[in-house]
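Below are the chains, spelled out letter by letter.
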Amino acid sequence: MLPFRAIRHALSHRRHMSVAQSSSPKKTTIARIADLRASNIPISVLTAYDFPTARACSAHPVDITLVGDSLAQVCLGYPSTTRLSLDEMLHHCRAVARGTSTPLLVADMPFGTYAPGPTDAVRAAVRLVHQGHVEAVKLEGGEEIIPHISALTQIGIPVMAHIGLLPQRSTALSGYRVQGRTAASANALVRAARALENAGAFAIVLEAMPSQLGEYITRTLTIPTIGIGAGPATSGQVLVWDDMLGTWHGHKAKFVRHFADVRKEVERGVATYVHAVKDRSFPNAEREGYAIDPTEWASFLRTQGQPGEYAEHQRTATDATSDSAEMTRHPESRAGALPRANETDEKTAKKTGLHTL
Ligand SMILES: Nc1nc(=O)c2c([nH]1)NC[C@@H]1CN(c3ccc(C(=O)N[C@@H](CCC(=O)O)C(=O)O)cc3)CN21
Ligand SMILES: CC(C)C(=O)C(=O)O
């Protein structure tokens, strides 16, 4: 019997107990993922690429946090996931691991790190566990990667498989296309799914395929299916962080739903900040600044050879920073004789078009 099957069966007596305790978040284990599928409770998966997104995934919490290689596109600006190196992936895995508490932590094996053969797959996956602090790995592919998956599961690295649309092969496949739309390709996907389960995968991502096929594969297998564009009947769902929050600026696949409009908030925040800096309403000297004892300041100025009257003026000006009339009466008293606040405001507003705010 294969390793994860054995673990699942050995722990099956705990099934009902652990699902019943779902109100108090516990560390997600491989057995718990199997429990959720057996109990027909949908499995929630989200990608995360850094410490704060990992914290957000842990706070609610999601069941599985995936350091997806979509990292290449949404976080690092590469045109394709094939550009991502193992070192770059490791750097982000460590940050995500530091912010992860309860979710099971899974990382994508980057393009080229497993294709050469099972030995290379083991070497790269061991680095992801050792140096990336992840608990499981995900690999894209069908029957051609069965030996790789067997090698990984036999040494105790849990594997999430991934079939259907395979982004790492989008160049060879001439783009991101829905898979399994013909009887022949649907058959090939079902065959691959069975083979991956037999090789010991603990779960399988089904990407961009007809909903009927997503349901059919889910019913055929005993391991959970995690769908992304595979319809509502899969055992769980995964979305890319930036797609879910509406921050991704690129193409929106049909399967994407925005659960928040964070991009609009980000744009509003940046524009308001720039405006506040330009019109000097930020920072406020008292609420957002630090003070020095006036006598200390006066004595500092004496060390600088400044007249006492200047020190006195500085103190008054600090007490009433928002009083632009004060600055107008003594414009020369400000270091470098900066232009008056109103002048600056007018000029920058013209340059940046901030009048529209
Ligand atoms: N932001 C983002 N979200 C993702 O889900 C994602 C990434 N990036 N980068 C890596 C891969 C690439 N993925 C993609 C990218 C595009 C489509 C897409 O546009 N699909 C077409 C299908 C058209 C058809 O064959 O009918 C669509 O319109 O939905 C799907 C998955 C999934 N992954
Ligand atoms: C979309 C998910 C499944 C993924 O593979 C990724 O984030 O790279």
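Going by an unreviewed UniProt entry, the chain carries the name 3-methyl-2-oxobutanoate hydroxymethyltransferase and comes from Boletus reticuloceps. The chain has a UniProt comment under Catalytic activity (unreviewed entry) that states "(6R)-5,10-methylene-5,6,7,8-tetrahydrofolate + 3-methyl-2-oxobutanoate + H2O = 2-dehydropantoate + (6S)-5,6,7,8-tetrahydrofolate". Of the comments in the UniProt record for the chain, the one headed Pathway (unreviewed entry) reads "Cofactor biosynthesis; (R)-pantothenate biosynthesis; (R)-pantoate from 3-methyl-2-oxobutanoate: step 1/2."

## A closer look at helix α12 (residues 262-278)
Helix length check: α12, at 17 residues, gives a terminal C-alpha distance of 24 Å against a target of 24 Å (1.5 Å per residue), a fit within 8%. Two residues or fewer after α12 comes Arg280, characterised by a positive phi angle close to 60°.

## Observations concerning the nonpolar core
With 57 residues, the main nonpolar core has Leu128 and Ile217 as its most contacted residues. Judged by nonpolar contacts, the second largest core, of 17 residues, contains Leu36, Phe202, Val205 and Ile228.

## Notes on unusual backbone geometry
Here His60 and Pro61 are connected by a cis peptide whose omega angle stands at 0°. Here Pro61 lies in the loop between α4 (51-59) and β2 (64-67). Here Phe282 and Pro283 are connected by a cis peptide whose omega angle stands at -5°. Tracing the sequence through the fold places Pro283 in the loop between α12 and α13 (294-303). Unlike most non-glycine residues, Asn40 shows phi in positive territory, near 60°. Here Asn40 falls in the exposed class, since its relative accessible area comes to 67%. One non-glycine residue with positive phi stands out, namely Arg280, at about 60°. Examined against the element boundaries, Arg280 turns out to sit in the loop between α12 and α13. Overall, the relative accessible area of 34% leaves Arg280 in the partly exposed class.

## Details of the sheet that holds strand β8 (residues 236-239)
Taken in spatial order, the eight strands of this closed barrel run β1-β2-β3-β4-β5-β6-β7-β8, and their pairing is parallel. Direction aside, the axes of adjacent strands within the sheet are offset by 25° on average. Bridge count between strand β7 (residues 225-228) and β8: two bridges; the pairing is parallel. Bridge assignment links Ile226 to a residue of β8, and that residue is Gly236. Together, β5 (159-164), β6 (203-207) and β7 form the strand contacts of helix α10 (residues 211-220), whose direction differs from that of β6 by roughly 170°.

## With respect to the site of ligand 1
For ligand 1, the set of nearby residues contains 19 residues, the closest of which are Gln73, Val178, Asp243, His251 and Lys254. In this structure, an oxygen atom belonging to ligand 1 sits 2.9 Å away from a main-chain N or O atom of Val178. In this structure, His251 approaches ligand 1 through a side-chain N or O atom, which is 2.8 Å from an oxygen atom. The protein chains hide 79% of the 660 Å² of surface that ligand 1 would expose on its own.

## As for the pattern of salt bridges
Taken as a whole and judged by the stated rule, the model has eight salt bridges. Measuring nitrogen to oxygen at the nearest pair gives 3.1 Å for the salt bridge that ties Lys27 to Glu135. Linking Lys27 in the loop between α2 (15-20) and α3 (30-38) with Glu135 in the loop between α7 (118-130) and β4 (136-140), this pair joins segments that are 108 residues apart in sequence. The exposure class of Glu135 is partly exposed, given its relative accessible area of 31%. The shortest N-O distance in the salt bridge between Lys264 and Asp261 comes to 3.6 Å. We classify Lys264 as exposed; its relative accessible area is 58%.

Parameters at a glance
Residues numbered from 1 in each chain as written. Chains lettered and ligands numbered in written order. Predicted model: local features only at pLDDT ≥ 70, side-chain atom pairs only at ≥ 80, totals over all residues. Heavy atoms only, no water. UniProt positions renumbered as here; feature names shortened; annotations may be inferred. Helix = DSSP H or I, 4+ residues; strand = E, 2+ residues; numbered from the N terminus. Expected span 1.5 Å × (residues − 1). Core = buried A, V, L, I, M, F, W, Y, C linked by side-chain atoms within 4.5 Å. Buried < 20%, exposed > 50% of the residue type's maximum accessible area, 1.4 Å probe, protein only. Pairing = 2+ DSSP bridges. Axes fitted to C-alpha atoms, helices over the stretch in contact; angles between N-to-C directions. Contact = heavy atoms within 4.5 Å. Near = heavy atom within 4 Å. Polar contact = N/O pair within 3.5 Å; in protein donor to acceptor, adjacent residues only side chain to side chain. Areas by Shrake-Rupley, 256 points an atom, 1.4 Å probe, with all protein chains shown as cover. Salt bridge = Lys/Arg side-chain N within 4 Å of Asp/Glu carboxyl O.

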